[in-house]
Amino acid sequence: ADHWGRKPLLLTGAILFALAPVCYTLAGSVWSFMAVRVVHGIGIAAFTTAYTALVADLAPPAQRGATIGLAGLTGNLGRFFMPALGGMALAQWGYAPHFLVAAGAAAVAVVLILFVIEPERGRSGPAGVRLEAGASTIATIFPSITSATR
């Protein structure tokens, strides 16, 4: 995230979030499914690394721990509630629609991330924190909620 910036990693992760569920529906064997899972895991790593770094960049120093904790809570809430919703969707419509809904939610995140604007390197963030790279938008919150659909 420090080397490439937050937005490219957020975008890469969200794109992989969007593509992986579609690829799951096309997997014809356990091995192809596992290969998609590896790529999906790379997307998870890219997104969560950039997301956490961005939150840390934008949080006021005195509130950084609480802000990072709150940001982490959004993902945990998704992981808490989404299995039940996913299970209901699976029972109602089957596997393919279940994965396609996950892909659609992640596609919305991709579109939102396109609006992320990274400040120039070395510019001060909203809390007066010097940023090497960073951005601010609600798009950084939405994918953490949709990550529960993975």
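Rules and cut-offs
Residue positions within a chain follow its written sequence, with the count starting from 1. Where local features are concerned, this predicted model is filtered to residues with pLDDT of at least 70; where side-chain atom pairs are given and counted, the filter is 80 or more; whole-chain, interface and lining totals use all residues. Processing note: side-chain calculations cover all non-hydrogen atoms of the structure and skip hydrogens and water entirely. Basic side-chain nitrogens of Lys or Arg form a salt bridge, by our definition, when they fall within 4 Å of a carboxyl oxygen of Asp or Glu. Helix numbering and strand numbering both begin at the N terminus, where a helix is a DSSP run of H or I of at least 4 residues and a strand a DSSP run of E of at least 2. Burial status follows relative accessibility: with a 1.4 Å probe on protein chains alone, a residue under 20% of its type maximum counts as buried, one over 50% as exposed, and anything between as partly exposed. The angle between two axes is taken between their N-to-C directions and runs from 0 to 180 degrees, where each axis is a line fitted to C-alpha atoms and a helix contributes only its stretch in contact. For classification purposes, angles smaller than 35 degrees are called roughly parallel, those larger than 145 roughly antiparallel, those between 65 and 115 roughly perpendicular, and all remaining angles oblique. Put simply, a crossing is left-handed when the front helix is turned counterclockwise from the back one by less than a right angle, and right-handed when it is turned clockwise. Throughout, the ten residues Ala, Val, Leu, Ile, Met, Phe, Trp, Tyr, Cys and Pro are labelled nonpolar, Asp, Glu, Lys and Arg are labelled charged, and all others, Gly among them, are labelled polar. Like-charged residues within 9 Å of one another, or nonpolar side chains (Val, Leu, Ile, Met, Phe, Trp, Tyr) within 5 Å, are grouped into patches, provided each residue has over 30% relative accessible area and no salt bridge. In short, Shrake-Rupley with a 1.4 Å probe defines the accessible areas, and a residue's cover is counted only from the protein chains shown. Expected helix span is taken as 1.5 Å per residue step, with the number of steps being one fewer than the number of residues. The arc in question is the one traced by the directions running from the helix axis out to the C-beta atoms. Here a residue-residue contact requires only that any non-hydrogen atoms of the pair lie within 4.5 Å. The predictor's confidence in any single residue is recorded as pLDDT, a number from 0 to 100.

Caption draft 1: How the structure looks around the pattern of salt bridges. As enumerated under the stated definition, the model contains one salt bridge in all. When the shortest N-O distance is used, the salt bridge between Asp57 and Arg6 registers 2.7 Å. On the criterion of sequence distance, the pair formed by Asp57 in helix α2 (residues 30–58) and Arg6 in helix α1 (residues 6–26) is long-range, its members being 51 residues apart. Across the pair, exposure class does not vary: Asp57 and Arg6 are buried alike.

Caption draft 2: Spotlight on the packing of α1 against α2. Where α1 meets α2, the axes come as close as 7 Å, and the angle between the chain directions of the two elements is 150 degrees. One finds that α1 runs roughly antiparallel with respect to α2. Helix-helix and strand crossings are classified by hand; for α1 and α2 the assignment is left-handed. Grouping the constituent residues of the contact of α1 with α2 by class yields 18 nonpolar, three polar and three charged.

Caption draft 3: Main features of a nonpolar patch on the surface. A surface patch of nonpolar side chains, about 540 Å² in accessible area, is lined by Leu70, Leu73, Leu77, Phe80 and Phe81. With respect to the helices and strands, Leu70 occurs in helix α3 (residues 64–93). On the basis of relative accessible area, Leu70 is assigned to the exposed category, the value being 56%.

Caption draft 4: Helix α4 (residues 95–113), seen in detail. With 19 residues, α4 should reach 27 Å at 1.5 Å per residue; the first-to-last C-alpha distance of 27 Å fits that figure. Those residues of α4 lying buried are Phe99, Ala102, Ala103, Ala106, Ala109, Val110 and Ile113. Projected down its long axis, α4 shows its buried positions confined to an angular sector of 110 degrees, all on one face.

Caption draft 5: Examining the environment of Gly13 more closely. Mapped onto the fold, Gly13 is located in helix α1. Here Gly13 falls in the buried class, since its relative accessible area comes to 0%. Counting along the chain gives 36 residues from Gly13 to Thr49, while the straight-line C-alpha distance between them is 9.4 Å. Setting aside chain neighbours within four positions, we find Gly13 in contact with Gly43, Ala46 and Phe47.

Caption draft 6: Inspection of the confidence of the model for the protein at higher detail. Overall, the predicted model of the protein reaches an average pLDDT of 78, with 75% of residues at or above 70. Scored below 50 in pLDDT, residues 127–150 makes 79 contacts in the model with residues more than four places away or belonging to other chains.

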